[in-house]
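Listed below are the residues making up each chain.
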Amino acid sequence: MPGIIPHRHCIVCGKAIEPDKTFCSDNCQKEYEKERKKQRNFTLMMFALLFLVLMFLMAMGH
Ligand SMILES: [Zn+2]
């Protein structure tokens, strides 16, 4: 479309940024990495919990 400059949006705050960038600032990058780590920890915790429940069920059976 004419008149529209190619650009992206910061995936954290949604600000318009250059097409080769993912974040508008170091702050937003840090924010994103913090969030990603939190999410990974949560996933790991869920797996650990599932594993424990499975172990428990196996110990209960037979
Ligand atoms: Zn941003």
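See the structure printed just above.
On a predicted model such as this, the values are computed, not experimentally measured, just so you know.

Student: Outline the pattern of salt bridges, supporting the account with residue identities and numerical values.
Tutor: Under the definition given, this model contains 3 salt bridges. Its salt-bridge partner being Lys 21, residue Glu 18 comes within 3.7 Å of it at the nearest N-O pair. The class for Lys 21 is partly exposed, based on a relative accessible area of 38%.

Student: Please give an account of a nonpolar patch on the surface that cites residues and values.
Tutor: A surface patch of nonpolar side chains, amounting to about 880 Å² of accessible area, comprises Phe 42, Met 45, Met 46, Leu 49, Val 53, Phe 56, Leu 57 and Met 60. By the element assignment, Phe 56 lies in helix H1 (residues 26–60).

Student: Let's hear about the coordination of the zinc ion: which residues, and what values?
Tutor: Within the protein, the atoms that donate to the zinc ion are Cys 10 (SG), Cys 13 (SG), Cys 24 (SG) and Cys 28 (SG), at distances of 2.3 Å. One can describe the site at the zinc ion as tetrahedral: its 4 donor atoms subtend angles covering 104 to 116° at the metal. Here the donor residues for the zinc ion map to a single chain with the spacing C-x2-C-x10-C-x3-C. In this pair, Cys 13 is assigned in the loop between strand E1 (8–9) and strand E2 (16–17) and Cys 28 in helix H1, connecting sequence segments 15 residues apart. Take Cys 13: its relative accessible area is 43%, and that puts it in the partly exposed class.

Student: Give a detailed account of the packing of aromatic side chains, specifying residues and quantitative values.
Tutor: All told, the structure shown has 1 aromatic pair when counted by the stated rule. Each ring, one from Phe 23 and one from Tyr 32, has its centre 5.3 Å from the other, and the planes form 50°; the classification is tilted. Overall, Phe 23 belongs to the buried group, its relative accessible area being 15%. Its relative accessible area of 31% is what places Tyr 32 among the partly exposed residues.

Calculation rules
- Residues numbered from 1 in each chain as written.
- Predicted model: local features only at pLDDT ≥ 70, side-chain atom pairs only at ≥ 80, totals over all residues.
- Heavy atoms only, no water.
- Salt bridge = Lys/Arg side-chain N within 4 Å of Asp/Glu carboxyl O.
- Buried < 20%, exposed > 50% of the residue type's maximum accessible area, 1.4 Å probe, protein only.
- Patch = residues over 30% accessible without salt bridge, like charges linked within 9 Å, V, L, I, M, F, W, Y side chains within 5 Å.
- Areas by Shrake-Rupley, 256 points an atom, 1.4 Å probe, with all protein chains shown as cover.
- Helix = DSSP H or I, 4+ residues; strand = E, 2+ residues; numbered from the N terminus.
- Donors = N, O, S within 2.8 Å, 3.2 Å for Na, K, Ca; no water.
- Tetrahedral: all angles 85-135°; square planar, octahedral: opposite > 155°, others 65-115°.
- Phe/Tyr/Trp six-rings, centres within 6.5 Å; stacked < 30°, edge-to-face > 60°.

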